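Topology and contacts: notes
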Amino acid sequence: MLKIGLTGGIATGKSHVLDLFKRRSVPTIQADQVSRSVAQPGQPAYEAICARYGEGVLLDDRTINRALLAKIIFNDHQARADLEAIIHPPVRQAIDLWFEQCASSTATVFALAEIPLLFETGRSHLVDKILVVSCQPETQLSRLMQRERLTSRDAQHRIDTQLPLDEKIDRAHWIIQTDGSYEDTAEQVDRTYTVINAAAH
């Protein structure tokens, strides 16, 4: 079974592409969803986050205010590094276990893990192949501003905290561009699915 790491820049359409593969019965997992689960009340990461950032980052229901926490870490390098040190180990462990479970199924020829910081966290060597989802810089900026309701400056700052897209593309085995229509992206996914499926056999 091929372990595929799906990555790319923030707001490039990674989750949409992952969903298109999922609709084709490919096993998928999202690091962001795993990070949400490991940071739920009662989990060690939750306690560590409260200890590091204080209860001011909690909502009324005692869950973590992710929007507020994001604002904090994107404006403080040390705060971001501390959060990554708390969250990344349990997320990495969960994804590694998931890949093992997928490999135990004889029906699975490849599995896709969406890991936004695949290169930044030094995990690229732990997958067999890499699929990068990309778009033009102006598209990425516009999407992020709209999605997170950010100013152009704040959105660009978040983009700049990640490895440049060009560098990710240079290290990719496959690339899907999401600047076009939904139909165009779906066609690229179909072609890539066929190529990966052939490579995995």
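Residues numbered from 1 in each chain as written. Predicted model: local features only at pLDDT ≥ 70, side-chain atom pairs only at ≥ 80, totals over all residues. Heavy atoms only, no water.

A word on the side chain of Gln188. Mapped onto the fold, Gln188 is located in helix H9 (residues 182–200). Taking relative accessible area as the criterion, Gln188 reaches 10% and is therefore assigned buried. Residues in contact with Gln188, not counting those within four places in the same chain, are Ile175, Ile176 and Gln177. (Helix = DSSP H or I, 4+ residues; strand = E, 2+ residues; numbered from the N terminus. Buried < 20%, exposed > 50% of the residue type's maximum accessible area, 1.4 Å probe, protein only. Contact = heavy atoms within 4.5 Å.)

With the rule as written, the count across this model stands at seven salt bridges. Salt-bridge contacts for Asp19 lead to Arg23; the nearest nitrogen and oxygen are separated by 2.9 Å. Remark: Arg23 and Asp19 occur in helix H1 (residues 14–23); sequence separation between them is four residues, near one turn of the helix. Taking the shortest distance from any N to any O, the salt bridge between Arg147 and Glu148 comes out at 3.1 Å. Judged by relative accessible area, Glu148 falls into the partly exposed class, the value being 36%. (Salt bridge = Lys/Arg side-chain N within 4 Å of Asp/Glu carboxyl O.)

What is shown is where atoms sit, not what they do.
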